[in-house]
Amino acid sequence: MTTETKTASPFGAIRVRGARENNLKNVNVDIPKHALTVFTGVSGSGKSSLVFDTVAAESERLLNETHSAFVQGFLKTPPRPDTDVLEGVTAAITVGQEPMGANPRSTVGTATDVDAMLRALFARLAQPHIGGAQAYSFNVPTVSGAGAITVNKGGRTLASKKTFTQVGGMCPRCEGRGEVSDLDLTAVVDMDKSLNDGAILVPGYKVGGWAVKQYAESGLYPADKLISSFNKRQLETFLYGEATKVKVSDINITVEGLINKIRKSILSKDPESLQPHLKAFIEKAATFAVCDVCGGTRLSEEARHSYIEGKSIADLSGMEVRELADWIDALEDPAVAPLVKNISKTLRSMVHVGLGYLSLSRATGTLSGGEAQRIRMVRHLNSALSDITYIFDEPTTGLHPHDVARMNQLLLDLRDKGNTVLVVEHDPETIALADHVIDMGPGAGSAGGTVIYEGDVEGLKQADTPTGRHLDDSETVKQGNDIRKPQGYIEIRDAHIHNLQHIDVNIPKGVLCAITGVAGSGKSSLIPGSLPRNLDAVIVDQSAIKGSSRSNPATWTGMLEPIRKAFAKENGVKPALFSANSEGACPNCNGAGVIRTELGFMETVTTPCEVCDGRRFDDSVLQYRLGGLNIVETLDLSAQQAAEHFAMEAKIPAARKICEALTAVGLGYLGLGQSLSTLSGGERQRLKLAVHMMDQDSSILVLDEPTTGLHMQDVRALLALMDKLVDSGKSVIVVEHNLAVMAHADWIIDIGPGAGSDGGNVVFEGTPEELVNKTEAGKGTLTGKHLAAHVR
Ligand code: ADP
Ligand code: ADP
Ligand code: ZN
Ligand code: ZN
């Protein structure tokens, strides 16, 4: 259906005509402005292609165009999306699930700006201390003109007046990181080599290059002797020596110990700002420990010993946000009323998005994707901007049905502030709130890419589309003989990491076991956090997949091996020809398909290779065919198409099996040669699942919210797959919020009752049926309440 939309918004619409990114087939839609539009459809139907790759991409491109030509030269200008018309786009902000950077200085407090506001509060609340006590300066960098303001030091007096204007209240030892890093010597120096032999393992230190020469030719130690044979003084000088003047190649330079040098030149930098190879080196070479000076609080001594009503900043940062919100609200000083109001507003929005259990001191690098997205959301909720297009990618990820309602309210609040809100979502409760629904499909990949319904929710319920049919689904819990009997237990004893309250838990083996509970109740702390170490278990989560930028489903699953061999056999040539990382590579781009131009101080620019046109292979390779297709055409197949191709035209059983596994986990639409960097977190997880399914060694599979990114119809398929896995003898433990998964489980372990310090206990263990019965008898849990409401 490609008719003009009937839902007219008085504010006009974002008008899309002829959108063709990825699988989109000339899509025409009008997305009403100042409204909440939910994009639905099975996984791979084209939702992201429309919302992110078309609408958001165009907004970004238009924003770039508003910069001067000079600035534009420095920006990575996204290409114009493949579409005929795209009108009415306002500035778009995408609030996605990418994990937050691992910069150790970044915490929940800094990411939400509450830290800066708290510092301002500490500065303001302490009037110059009555009684002649000496005061400390507090630097408030974000409040313009505030400069150094005095703060009393918890009533105690000191001698000299110190300021920490320069360091902003940060611990000077760890520079506000809370941890100190050091280098693992074995990753920096190969002791069994000489300097002239390449003993220095740091990127950029090549034998013969200047970086190595300054050490090798310094004359301070022998360049041809193994480092392990250096005497104590030589080793000390080489690694930790102070800057010394030496003459190398007739030039006077100063050389300092290698470790000191690396510390200054690499380790002290924000890892996110480093070039990828240096970042990889640091990840390998750096070791971290809690800062011995501030004890991990990140604050200078002065800041640690300044108090408001007996609490230091560190005390407040360690509190759960919901507790802190109450404490802040109780402050009754008119002088700081507006500030208190702002802090309170931010903290309350965190509670509303179900993050009240976090503390401000929590490093953002330890947050899950869903938590990271909700933290980003908090920033926007308090912003005064309007007429923005906000784009969310499954905002209910990581949320228990109990938390979803509050989250949904926030989407409505954003809309009511005069913004246009676009949400890609599968959750029926979120869909129910939409002013407008755009349903993509009907299938995935080439079977999708069209709009199959657009209009209001009532109409969607009547529509004969996969979304319409499943919208009012209710579940049947397993009963009687359908429930599998445990084959022994994984015993967890005295689990107490994070908020777990020294609990003992028996996880049944040989069944489908669901771990449930509200966000922050302690599910991940228990599974996988507290699983016995020597357990033969694979954890299938959404974390990044290791591999080069050239990885794709074919290389990563190992399927390319049998494909190359079959091509070689058929054509009587070497298998290496059929690898874009080897002999078959396009000589211009070396098989990358793109040309990367390093511009020194700026971001690297990538452009498609003009010789192979992004095909990555040398033209001469394309003459060889198998089952009618050349290697490029073969890798262009989707997994589902390839499963047939490898069964019929080109019989490659090993590759066929992997393609079938990809299809079974709902990834049939993925291209075999599609870069892994284009995959979402949920897709990455299912890709890992497909590989582990075939792996006979691991008997226990742990899945962390595997329904992320899945349509209700895809969830059914996933459940069938889990059944197959369990029936083949594996134990499947799944941390889930999805009610269909809970109802389908043989056993439920519910953690709670609340989040953070209110959680951490087992509140129910048993079959789903028992949970529903107990709840109906008034003795249930929050999870039970939602499950009971959802079952027939
Ligand atoms: P959804 O968001 O509905 O799950 P997507 O828009 O991500 O679907 O995907 C639609 C189709 O486009 C799928 O077949 C997918 O494999 C393909 N696709 C998505 N991104 C890319 C990309 N960057 N390159 C090639 N194909 C892609
Ligand atoms: P769930 O998986 O149920 O959402 P978690 O196990 O992630 O809950 O969290 C339980 C509690 O433990 C929360 O209070 C959370 O803030 C805390 N927590 C989780 N991970 C960490 C961590 N890496 N560092 C500190 N606290 C954590
Ligand atoms: Zn410190
Ligand atoms: Zn090329």
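Look a little higher up for the structure.
Cut-off values and rules
- Residues numbered from 1 in each chain as written.
- Chains lettered and ligands numbered in written order.
- Predicted model: local features only at pLDDT ≥ 70, side-chain atom pairs only at ≥ 80, totals over all residues.
- Helix = DSSP H or I, 4+ residues; strand = E, 2+ residues; numbered from the N terminus.
- Buried ≥ 20, exposed ≤ 12 C-beta atoms within 10 Å, placed from the backbone.
- Pairing = 2+ DSSP bridges.
- Right-handed = clockwise from strand over helix to strand, strands pointing away.
- Near = placed C-beta within 6 Å.
- Nonpolar A, V, L, I, M, F, W, Y, C, P; charged D, E, K, R; others polar.
- Domains from an automatic or database assignment.
- Axes fitted to C-alpha atoms, helices over the stretch in contact; angles between N-to-C directions.
- Parallel < 35°, antiparallel > 145°, perpendicular 65-115°, else oblique.
- Left-handed = near helix turned anticlockwise from the far one by under 90°.
- Contact = placed C-beta atoms within 7 Å.

Novice: Explanation requested: the overall build of the protein chain in the structure shown.
Specialist: A count of helices and strands for the protein chain gives 29 helices and 25 strands. Buried residues in the protein chain amount to 44% of all 792 residues.

Novice: Would you mind going over the pairing of strand β12 (residues 389-393) with me for this structure?
Specialist: Two faces belong to every sheet, and in a regular strand the side chains alternate between them. Burial analysis of β12 places five of its five residues in the buried class, which makes it a mostly covered element. Sheet topology note: the strand β5 (residues 92-95)/β12 ladder contains four bridges and is parallel. Counterpart to A92 in the pairing with β12 is T389. In this fold, β12 hands off to helix α15 (residues 401-416), which returns the chain to strand β13 (residues 420-424); that crossover is right-handed.

Novice: Explain the environment of E323 here, please?
Specialist: Looking at where E323 falls in the secondary structure, it is placed in helix α12 (residues 321-329). Between the C-alpha atoms of E323 and Y357, which are 34 residues apart in sequence, the distance is 8.7 Å.

Novice: Looking at this model, I keep getting lost on the site of ligand 1. Mind explaining?
Specialist: Neighbouring ligand 1 are 17 residues; N22, K47, S48, S49 and G445 lie closest to it. Counting residues per element, the shell around ligand 1 draws most heavily on helix α1 (residues 47-65), which supplies three residues. When grouped by side-chain class, the residues that make up the shell around ligand 1 number three nonpolar, 13 polar and one charged. Shared between two domains, the shell around ligand 1 holds at least three residues of each, these being domain 1 (13-99 + 368-470) and domain 5 (553-677).

Novice: Would you explain the pairing of strand β2 (residues 27-32) in this entry?
Specialist: Buried residues dominate β2, accounting for five of its six residues. Of the strand pairs in this sheet, strand β1 (residues 13-19) and β2 are connected by five bridges, and their pairing is antiparallel. Following the sheet pairing, R15 is matched in β2 by D30.

Novice: How do you make sense of the packing of α12 against helix α13 (residues 337-352) when you look at a structure like this?
Specialist: The packing of two helices is summarised by the inter-axis angle and the distance between the axes. Two numbers describe how α12 lies on α13: the axes approach to 9 Å, and their chain directions differ by 155 degrees. On the basis of the axis angle, α12 is roughly antiparallel to α13. Considering the relative orientation of α12 and α13, their crossing is left-handed. Along the contact surface, α12 presents V321, R322, L324, A325, I328 and D329, while α13 presents V340, I343, S344, L347, R348, M350 and V351. Classifying every residue of the contact of α12 with α13 by side-chain character gives nine nonpolar, one polar and three charged.

Novice: Would you mind showing me how to read the sheet that holds strand β23 (residues 731-735) here?
Specialist: The strands making up a sheet are joined through hydrogen bonds of the backbone, oriented either antiparallel or parallel. Pairing is mixed in the open sheet, where six strands are placed in the order β19-β22-β23-β18-β24-β25. Sheet topology places β19 (537-540) and β25 (761-766) at the edges, where each strand pairs with a single neighbour. Going across the sheet, the axis of each strand differs from the next one's by a mean of 15 degrees, ignoring polarity.

Novice: For this particular structure, what's the right way to read the sheet that holds strand β14 (residues 436-441)?
Specialist: The strand order across the open sheet built from six strands is β5-β12-β13-β3-β14-β15, with neighbouring strands paired in mixed fashion. Two strands bound the open sheet, and with one partner strand each, they are β5 and β15 (450-455). Strand-to-strand, the axes of this sheet are offset by a mean angle of 20 degrees, without reference to chain direction. Sitting on the sheet, α15 touches β3 (36-40), β12 and β13, and the angle it makes with β13 is about 150 degrees.

Novice: Just to check I follow, could you spell out unusual backbone geometry for this structure?
Specialist: Excluding glycine, residues mostly have negative phi values, and the peptide bonds linking residues are mostly trans. In this structure, P442 follows G441 across a cis peptide bond, with omega equal to 0 degrees. With respect to the helices and strands, P442 occurs in the loop between β14 and β15. Geometrically, the link from G752 to P753 is a cis peptide bond, its omega value of 5 degrees lying close to zero. With respect to the secondary-structure elements, P753 resides in the loop between β24 (747-752) and β25. For H34, which is not glycine, the phi torsion reads 55 degrees and is therefore positive. Locating H34 in the fold gives a position in the loop between β2 and β3.

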